[in-house]
Amino acid sequence: MESIPVILDMDTGIDDALAILYALSSKKLRALGITTCFGNGDIENTTRNTLAIVELGLSSVPVYQGASHPLVSPWESTAEAFHGPNGLGGTRIFHPTQKAEPLSALDFLRKSIEDHAHDIVLVATARLTNIASLLLAHTELTSLIKRIVVMGGAAFVPGNVTPVAEANIWGDPEAAWVVFHSGVPITMVGLDVTMQVPISDGMLSSLVPQVPYFDVIREAVDFYLSAYNPGEPRGNRTAPLHDPLAVAVAEDDSLCKTQALPVDIELSGRFTRGMTVVDRRERTTAAPNVDVAVTVDRERFLKQFAQRLQFQQSG
Ligand code: BDR
Ligand code: CA
């Protein structure tokens, strides 16, 4: 089986952590490295969390620290309610033995794209700040990237930070604008599909205790389930597996049906900044720039997710 060289660009985060473990257990994806971005915590937290999860996944995939704030606007932290004060639900994280590489995220991205020209896939589960900065500085790279799978946006469903904006786009709309207008093929794995694939109490309680990430994932996901279901007792809680689905689609795009559509990013609306504006008009003259995931094979993804991370059941 031919492997796909990928770079994961992440703001680790609870669902990013699950996405890393999913990617590391893939036979098809070859993770060249993980670049980090602010988002679910500040950049020190998200980088430390990434290193810790890589270590718990028994991997030595290199980690490169990236952006600490958006391209234009100041950073506003909004993720604490869902990801806790340290980005991993307040879970006590050991000090990872591995450190972030001395090379910057942007230099690593540039070099890897050149080395794996036309084959490399970027999976972005954070603000698009790193990728936008790269493409602004090196426009020549746009034709060398096979595709970018973006966890972000909401095409036909409401947003999750504002009524219309999803967190990764809302957190740096200018960066999203640059990437969506770059000409690189984009697959948008947005809330339309990620809200359809939940982790549940049932699944969490079936995590095999022997896995090295057992304690951290159990505690962090318990926090995540509470955050999505305030006041609900343990038992029937569910919460979306946003970022793991994006990694899964990078590996196997038959998991989602997509529609090629023109998508723009709202930069200035008082109520709509950060919205992914989809042109659905039948007779539009706008050219499609994004493959928008519109449906997902929920059962197949959840089964695969459970097997990969060693949940014994997908209930
Ligand atoms: C996205 O926002 C982040 O908080 C999650 O990790 C995910 O990437 C969902 O809107
Ligand atoms: Ca994320």
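Predicted, not measured: the structure shown is a model, and the values here were computed from it. (Residues numbered from 1 in each chain as written. Chains lettered and ligands numbered in written order. Predicted model: local features only at pLDDT ≥ 70, side-chain atom pairs only at ≥ 80, totals over all residues. Heavy atoms only, no water.)

**Q** So what's going on with the site of ligand 1? Residues and values would help.
**A** Around ligand 1, the neighbouring residues are Asp15, Asp16, Asn40, His83, Thr125, Met151, Asn160, Glu166, Ala167, Asn168, His242 and Asp243. Taking Thr125, its main chain carries an N or O atom lying 3.1 Å from an oxygen atom of ligand 1. One nitrogen or oxygen atom from the side chain of Glu166 is found 2.4 Å from an oxygen atom belonging to ligand 1. Within the residue set of the shell around ligand 1, elements represented by two or more residues are α1 (14–24), α6 (167–170) and α11 (242–251). For the shell around ligand 1, the class distribution of residues is 2 nonpolar, 6 polar and 4 charged. (Near = heavy atom within 4 Å. Polar contact = N/O pair within 3.5 Å; in protein donor to acceptor, adjacent residues only side chain to side chain. Helix = DSSP H or I, 4+ residues; strand = E, 2+ residues; numbered from the N terminus. Nonpolar A, V, L, I, M, F, W, Y, C, P; charged D, E, K, R; others polar.)

**Q** Can you tell me about the sheet that holds strand β5 (residues 147–151), naming the residues and giving the values?
**A** A sheet is described by the order of its strands in space; here 8 strands give the open sequence β3-β2-β1-β4-β5-β6-β12-β9, paired in mixed fashion. Strands at the two margins of the open sheet, each flanked by one partner only, are β3 (63–64) and β9 (256–261). Sheet topology places strand β1 (residues 4–10) next to strand β2 (residues 29–36); 7 bridges connect them, and they run parallel. Each residue of the ladder has a partner; that of Ile7, found in β2, is Gly33. Its contacts with the sheet place helix α4 (residues 105–115) against β1, β2, β3 and β4 (121–124), and it is angled at close to 155 degrees to β2. (Pairing = 2+ DSSP bridges. Contact = heavy atoms within 4.5 Å. Axes fitted to C-alpha atoms, helices over the stretch in contact; angles between N-to-C directions.)

**Q** Describe the environment of Gly87, with residues and values.
**A** With respect to the helices, strands and loops of the structure, Gly87 is situated in the loop between α3 (80–83) and α4. Its relative accessible area of 0% is what places Gly87 among the buried residues. With 72 residues separating them along the chain, Gly87 and Asp15 place their C-alpha atoms 10.0 Å apart. Residues within four places of Gly87 in sequence aside, it is in contact with Thr12, Gly13, Ile14, Asn40 and Asn49. (Buried < 20%, exposed > 50% of the residue type's maximum accessible area, 1.4 Å probe, protein only.)

**Q** Which residues make up the coordination of the calcium ion (ligand 2), and what are the values?
**A** Each protein donor to the calcium ion (ligand 2) is listed here as Asp11 (OD), Asp16 (OD), Asp16 (OD), Thr125 (O) and Asp243 (OD); together their distances run 2.3 to 2.7 Å. For the calcium ion (ligand 2), all donor residues lie on one chain, and their spacing in sequence is D-x4-D-x108-T-x117-D. Taken together, the residues Asp16 in helix α1 and Thr125 in the loop between β4 and α5 (129–137) connect sequence positions 109 residues apart. (Donors = N, O, S within 2.8 Å, 3.2 Å for Na, K, Ca; no water.)

**Q** Please provide a residue-by-residue account of the nonpolar core, values included.
**A** Judged by nonpolar contacts, the single largest core of 63 residues is most densely connected at Ile199, Leu245, Val247, Phe301, Phe305 and Phe311. Considering each element in turn, this core owes the most residues, 8 residues, to α1. One finds Leu32, Leu122, Leu134 and Ala155 within the second-largest nonpolar core, a separate group that totals 36 residues. (Core = buried A, V, L, I, M, F, W, Y, C linked by side-chain atoms within 4.5 Å.)

**Q** Mind laying out the layout of surface pockets, listing which residues take part and the relevant values?
**A** If you add up the space inside the largest pocket, you get close to 290 Å³. As for the largest pocket, its lining consists of 20 residues, and the residues nearest its centre are Asn40, His83, Asn160, Ala167 and Tyr228. When contributions to the lining of the largest pocket are tallied by element, the ones reaching two or more residues are α1, α3, α6, α10 (214–228) and α11. Partitioning the lining of the largest pocket into residue classes produces 7 nonpolar, 7 polar and 6 charged. (1 Å grid on protein atoms, 1.4 Å probe; cavity = no way out; pocket = protein on both sides within 12 Å on 5 of 7 lines; lining within 4 Å. Points joined across faces, edges and corners; volume = space filled by probe spheres on them.)

**Q** Explain the packing of α1 against α10 to me, and be specific about the residues and the numbers.
**A** Running from amino to carboxyl end, α1 crosses α10 at an angle of 135 degrees, the nearest separation of the two axes being 9 Å. If you check the angle between α1 and α10, you find them oblique. Pair α1 / α10 crosses with left-handed handedness. Contacts between α1 and α10 involve Ile14, Asp15, Ala17, Leu18 and Leu21 on the former and, on the latter, Ile217, Ala220, Val221, Phe223 and Tyr224. (Parallel < 35°, antiparallel > 145°, perpendicular 65-115°, else oblique. Left-handed = near helix turned anticlockwise from the far one by under 90°.)

**Q** Describe the pairing of β2, naming the residues involved and giving the relevant values.
**A** A regular strand carries its side chains on alternate faces of the sheet. Among the 8 residues of β2, 6 are classified as buried, and the element is accordingly described as predominantly covered. In this region the chain leaves β1, passes through α1 and returns to the parallel neighbour β2; the handedness of that crossover is right-handed. Bridge count for β2 against β3 is 2 bridges, and the pairing is parallel. Looking across to β3, one finds that Ile34 is bridged to Val63. With respect to chirality, the unit in which β2 leads through helix α2 (residues 43–56) into the neighbouring parallel β3 is right-handed. (Right-handed = clockwise from strand over helix to strand, strands pointing away.)

**Q** Describe the pattern of salt bridges, and please don't skip the residues or the numbers.
**A** In this structure the tally under the stated criterion is 14 salt bridges. Between Arg110 and Glu114 there is a salt bridge; the shortest N-O distance is 3.7 Å. Residue Arg110 and its partner Glu114 are located together in helix α4, separated by 4 residues, close to a single helical turn. For Glu114, a relative accessible area of 40% puts it in the partly exposed group. For Asp222, the salt bridge is made with Arg237, and the minimal N-O distance between the two is 2.6 Å. Of this pair, Asp222 sits in helix α10 while Arg237 sits in the loop between α10 and β8 (238–240), placing them 15 residues apart in sequence. By relative accessible area, Asp222 is classed as buried at 18%. (Salt bridge = Lys/Arg side-chain N within 4 Å of Asp/Glu carboxyl O.)

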